Structure formats: C-alpha cells, structure tokens
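Chain by chain, the residues run as shown.
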Amino acid sequence: MNSADCEHVRAFMHERTGVVLEPAKDYLIEARFQTLAHREKLASPDALVAGLRTDPEGDLARKVIDALLLGETSFFRDGHPFEALHREILPELRTARLADRKLRVWCGASSSGQEPFSVLMTLAEHCPELLQWDLELLSTDLCLDALERARAGRFTQLEVNRGLSPELLLKYFTRDTAEWEFRADLRQRVDFREVNLVREWPGMEPFDLILLRNVLSYFDVETKQSVLARARELLRPGGFLVLGAAEKVANLVEGFETVVFDKTTCYRRWLD
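The structure presented is a predicted model; accordingly, all values stated were derived computationally and were not measured. (Residues numbered from 1 in each chain as written. Predicted model: local features only at pLDDT ≥ 70, side-chain atom pairs only at ≥ 80, totals over all residues. Heavy atoms only, no water.)

Colleague: Help me get a handle on the pairing of strand β10 (residues 264-269), residues and values and all.
Modeller: Within β10, five of the six residues are buried, leaving the element largely enclosed by the surrounding structure. As paired strands, strand β9 (residues 256-261) and β10 are joined by six bridges and run antiparallel to one another. Counterpart to Phe261 in the pairing with β10 is Thr264. (Buried < 20%, exposed > 50% of the residue type's maximum accessible area, 1.4 Å probe, protein only. Helix = DSSP H or I, 4+ residues; strand = E, 2+ residues; numbered from the N terminus. Pairing = 2+ DSSP bridges.)

If you want it as structure tokens, here you go:
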C-alpha cells in the first residue's frame, strides 16, 4: 500500500469512528487489509481502498472498520475498577435509587462482551438484590463482529483465562466443546446494540452508571470533549462515569466531580 492510500484510510477511520491512526500504524493497516482482501477474494489491498473511495458508507466500508478496530478487552480488566464497583459505587447507587428500585448501566465500546458480563458477575457476587430490581444493562460497540460474539456469550479457553478465577469460570460458564458459554439467564439481561460514539446516538434514557473504558485514548481532544459532554447529559444527577486508568475528564468538560476510590478514579455528575 502506498502512503496516499494509507492516508486515505486514516482519514476514513477518523471521520467514521473518531479513531486516530498515526502514520506509525500504517503497518497495521496494511497487514489487516491483506487479511481482509484475501477473505473478500479481492486481488489486493488496493481494491479495498478503491472500494472505500467509491462507497465510504457501504458494506465493504463496514468490514474495513471491523478489521481496523482493535477490540482489546478481558474479564475484570484492570481489576481495581470492579473492586470500586462492588465496594463503593454500587452500594452508593443502591442507597440513592432505593425509592424507585431502578438501575440503568451502560457499557460503551464493550467489544466482545467481557465487560458487561464482568459487571453482571460483580452484581451477582456482591449485590445480588440489585438483580431483582428493574435492572437495565446496555452494552454497545461499533464493531458488528464483536457484537455478534458478545450476544453469543461464547469464549475461547485463552479468553476465559484472562481475568477469570477458576471459581467464577465454573460458576458462571459451561463448557461446550472448545469454548465456554456464559450463563444464559444472565446473558439475557444485556441489551446489545450498535452505537457509533462519534455519530448520532440512539434514543436512550438516563443512566446511573456509564463505563466508557479505554476508548477515549483513541480520539483527538475535540472528539473526547464531545463524547464526554454527551455522556454527562445521559447520566442521572449523582450518577457515575468510569473511564480507563489513563483517561481523564479534567480540562476536557465541566459538570463532573472527581471521586477517588482507592486505585480507581471515577467521575460523578454534579447534583443539579
């Protein structure tokens, strides 16, 4: 692939997904285009770029997006945010929402489902009474392949080895040939939807907890500001926003109070 084609792909990804791919990532573009071109029975990656130029909103463009989104995830990723969830955040929300017994959670950019399933296991292990509430758990991603895998709730041995203890694996998963399947009764509690964070968001009711972890780091400052401002508007007063460990709200958008729970920094929407 020549530099002009790589530049076109980088511009396409930024416009469609908000993801900033630096020129140093051109090797990644070329490698994944080689794989995709072979899968689509195209002569070369050049044919993919030609397809993008001809129809940047078509089916081939969607496949390019899926191929270039990284989708890195694991169960209970980073550990300590889930400690903060069950020790501090969920008990506080349980007290605040006791009158209406309704809790709404959004896991954004959640890839193949490990994060929402980790949230469900946290609820079941530490706050099981919340599962009897009017609980709504929305899990969204832009990658259609990842969403399909999340809905199926099936994971390889390597995937369940990342973050799951043997006890949780046996309690919440069943072995099916070479894969492990997450419990259907809990999996059915999750509403999986396609959402592009940099385009129009579908109509959503306000949430008590939003997890947008490890996605803002792929955006430029303007996109981060836009996503954070829109996320704030979707939080009920007193609700929490949880980001990745290296991602911060400070100096990007107003309307949040920084709250530190041990090793986890999160953000509470100011009470209006």
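Moving on from the coordinates now.
Colleague: Now, about empty space enclosed by the protein: what can you tell me, with residues and values included?
Modeller: One pass over the full model with this rule turns up one cavity of 30 Å³ or more. Counted as a void, the largest cavity has a volume near 40 Å³. Considering the residues around the largest cavity, the lining is formed by Pro81, Phe82, Ala84, Leu85, Ile89, Leu211, Val242, Thr264 and Cys266. When residues of the lining of the largest cavity are traced back to their parent elements, those giving at least two are α5 (80-96) and β10. Ranked by residues supplied to the lining of the largest cavity, first place goes to α5 with five residues. Looking at the lining of the largest cavity, its residues break down into eight nonpolar, one polar and no charged. (1 Å grid on protein atoms, 1.4 Å probe; cavity = no way out; pocket = protein on both sides within 12 Å on 5 of 7 lines; lining within 4 Å. Points joined across faces, edges and corners; volume = space filled by probe spheres on them. Nonpolar A, V, L, I, M, F, W, Y, C, P; charged D, E, K, R; others polar.)

Colleague: Quick rundown of the layout of surface pockets? Include the residues and the values.
Modeller: If a probe as big as a water molecule is rolled over the atoms, it shows which places are left empty. By volume, the largest pocket is sized at about 940 Å³. Lining the largest pocket are 46 residues, with Leu69, Leu70, Gly71, Glu72 and Ser111 positioned closest to its centre. Mapped by element, the contributors of at least two residues to the lining of the largest pocket are α2 (26-39), α4 (59-68), α6 (114-126) and α7 (144-152). At five residues, the largest contribution of residues to the lining of the largest pocket is made by α2. A breakdown of the residues in the lining of the largest pocket according to their chemical character gives 20 nonpolar, 13 polar and 13 charged.

Colleague: Talk me through the packing of aromatic side chains; I want residue IDs and the actual numbers.
Modeller: Given two aromatic rings, their pairing is described by the distance between the two centres and the angle made by the two planes. Per the stated rule, a full pass over the model turns up twelve aromatic pairs. For the pair Phe155 and Phe173, a centre-to-centre distance of 6.3 Å together with 75 degrees between the ring planes defines the contact as edge-to-face. Of this pair, Phe155 sits in strand β3 (residues 154-156) while Phe173 sits in strand β4 (residues 173-176); the two residues are 18 residues apart in sequence, bridging distant segments of the chain. Grouping residues by exposure puts Phe155 and Phe173 together as buried. Above the ring of Phe207, the side-chain terminus of Arg104 is found at 4.3 Å from the ring centroid. (Phe/Tyr/Trp six-rings, centres within 6.5 Å; stacked < 30°, edge-to-face > 60°. Lys NZ or Arg CZ within 6 Å of the ring centre and 35° of its normal.)

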